[in-house]
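# Commentary on secondary and tertiary structure
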Amino acid sequence: MALNLLRTGRLLGRWISPSISLQRAALSTTTNDEIHIEYQENPIIKWNEPKNEPTEKKRSRLMYQSRKRGMLENDLLLGNFAAQYLAKMDEKQLRMYDHLINQPSNDWEIYHWITDAKPTPKEYDNEVMSSLKEYSKNAMKESRTRQPDLNFSP
């Protein structure tokens, strides 16, 4: 795919858009007025659920993954939620939570579903999502401005 951009007199950045990163880029100029950029999108890696993972190891992994999302909003929301609720979840609920935080490729989608800014897809609309939505309302007006410690022990 080629993208034609008018020359602005400065070097173009590495990003075409926030959602497309450049794996390879080939720049060429055909005239003094145009720059042609050919790029290839990075493929989204499909998530595979770990097999035969012990429950305590799963809880520890989910706690870490909840804290390290790549966007502060979800780091705080999911990290604090996990610290409060992971130890109480049964195997079925842990699996639901695992799918919720690992299958979608866009963390903003997860955030918008939890905060009801967008409707939740049916495959993620379950008891764990309901708990997350209730938790995000913060009815007790708790301070949630820091992430929980990583020394998580259920």
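Fair warning: this is a prediction, and the values are worked out from it, not measured in the lab.

Right, let's talk about the overall build of the protein for a bit. Across its full length, the protein holds 5 helices and 4 strands. For the protein, the α and β elements follow one another from N to C terminus as β-β-β-β-α-α-α-α-α. Residues counted as buried form 36% of the 154 residues belonging to the protein. Residue pairs in contact within the protein that sit at least 24 positions apart in sequence constitute 58% of those at least 6 positions apart. Surface accessibility of the protein: about 10500 Å² in total, with carbon and sulfur atoms responsible for 51%.

All right, on to the packing of aromatic side chains then. Both the distance between ring centres and the angle between the ring planes are used here to describe each pair of aromatic rings. Within the structure shown, the criterion is met by 6 aromatic pairs. With a centroid separation of 5.6 Å and 90° between ring planes, the pair formed by Trp-108 and Tyr-111 is classed as edge-to-face. In this pair, Trp-108 and Tyr-111 both sit in helix 4 (residues 107–114), 3 residues apart, roughly one turn of the helix. Of the aromatic side chains, those joined through ring pairs into one cluster are Phe-81, Tyr-85, Tyr-97 and Tyr-135.

As a further point, take unusual backbone geometry. For Asn-52, which is not glycine, the phi torsion reads 55° and is therefore positive. On the secondary structure map, Asn-52 appears in the loop between strand 4 (34–41) and helix 1 (55–67).

The pLDDT averaged across the protein works out to 77; a share of 68% of its residues lies at or above 70. Here residues 1–26 scores under 50 on pLDDT; set against residues more than four positions off or in separate chains, the count is 48 contacts.

This paragraph deals with the pattern of salt bridges. The final tally for this structure, using the stated rule, is 9 salt bridges. Between Asp-107 and Arg-69 there is a salt bridge, and its shortest N-O distance comes to 2.8 Å. Of this pair, Asp-107 sits in helix 4 while Arg-69 sits in the loop between helix 1 and helix 2 (72–85), placing them 38 residues apart in sequence. One exposure class covers both Asp-107 and Arg-69, and it is buried.

Okay, the nonpolar core next. With 21 residues, the main nonpolar core has Leu-86, Met-89, Tyr-97, Leu-100, Ile-114 and Leu-132 as its most contacted residues. Broken down by secondary-structure element, the contributors of at least two residues to this core are helix 1, helix 2, helix 3 (91–102), helix 4 and helix 5 (127–137). By residue number, the principal contributor to this core is helix 3, which donates 5 residues.

Moving on: the environment of Glu-49. In this fold, Glu-49 is placed in the loop between strand 4 and helix 1. With 53 residues separating them in the primary sequence, Glu-49 and Asn-102 have C-alpha atoms 8.6 Å apart. Apart from the residues lying within four places of it in its own chain, the contact partners of Glu-49 are Lys-58, Arg-95, Asp-98 and His-99. Within the local environment of Glu-49, its side chain forms a polar contact with the side chain of Arg-95, the two groups lying 3.0 Å apart.

This part covers the packing of helix 3 against helix 5. Two numbers describe a pair of packed helices, the interaxial angle and the distance between the axes. At a minimum axis distance of 8 Å, the contact between helix 3 and helix 5 shows a crossing angle of 70°. Classed by the angle they form, the pair helix 3 and helix 5 counts as roughly perpendicular. Between helix 3 and helix 5, the contacting residues are Lys-92, Gln-93, Met-96, Tyr-97 and Leu-100 on the first element and Glu-127, Val-128, Met-129 and Leu-132 on the second. Looking at side-chain class alone, the contact of helix 3 with helix 5 contains 6 nonpolar, 1 polar and 2 charged residues.

Parameters at a glance
- Residue positions are given per chain, counted from 1 along the sequence in the order it is written.
- For a predicted model such as this one, the threshold for reporting local features is a pLDDT of at least 70, and the threshold for listing and counting side-chain atom pairs is 80 or more; totals across whole chains, interfaces and linings nevertheless cover every residue.
- With hydrogens and water set aside, each side-chain value is computed from the structure's full complement of heavy atoms.
- The helix and strand labels rest on DSSP assignments: H or I over at least four residues marks a helix, E over at least two residues marks a strand, and numbering proceeds from the N terminus.
- Only protein chains enter the accessibility calculation, which uses a 1.4 Å probe; a residue whose area is less than 20% of its type maximum is buried, one above 50% is exposed, and one in between is partly exposed.
- The contact definition used throughout considers only heavy atoms, calling two residues in contact when any of these lie within 4.5 Å.
- The Shrake-Rupley method, run with a 1.4 Å probe sphere, supplies the accessible areas, and residue values consider only the shown protein chains as cover.
- A pair of Phe, Tyr and Trp rings is counted when the ring centres sit within 6.5 Å of each other, with Trp represented by its six-membered ring. The angle between the planes then sorts it: under 30 degrees is stacked, over 60 is edge-to-face, the rest tilted.
- Within a predicted model, pLDDT stands for the predictor's per-residue confidence, ranging from 0 to 100.
- Throughout this description, the term salt bridge denotes a Lys or Arg side-chain nitrogen within 4 Å of a carboxyl oxygen of Asp or Glu.
- In this text, buried Ala, Val, Leu, Ile, Met, Phe, Trp, Tyr and Cys residues form a nonpolar core when linked through side-chain atoms within 4.5 Å.
- Definition of a polar contact: a pair of N or O atoms within 3.5 Å, with one able to donate and the other able to accept a hydrogen when the atoms are protein atoms, and with sequence-neighbouring residues admitted only if both atoms are side-chain atoms.
- In this description, a line fitted to the C-alpha atoms serves as the axis of each element, helices being fitted only across the stretch in contact, and the angle between N-to-C directions of two axes falls anywhere from 0 to 180 degrees.
- Working definition: roughly parallel below 35 degrees, roughly antiparallel above 145 degrees, roughly perpendicular at 65 to 115 degrees, and oblique for all remaining angles.
- Polar here means any residue other than Ala, Val, Leu, Ile, Met, Phe, Trp, Tyr, Cys and Pro, which are nonpolar, and Asp, Glu, Lys and Arg, which are charged; Gly is therefore polar.

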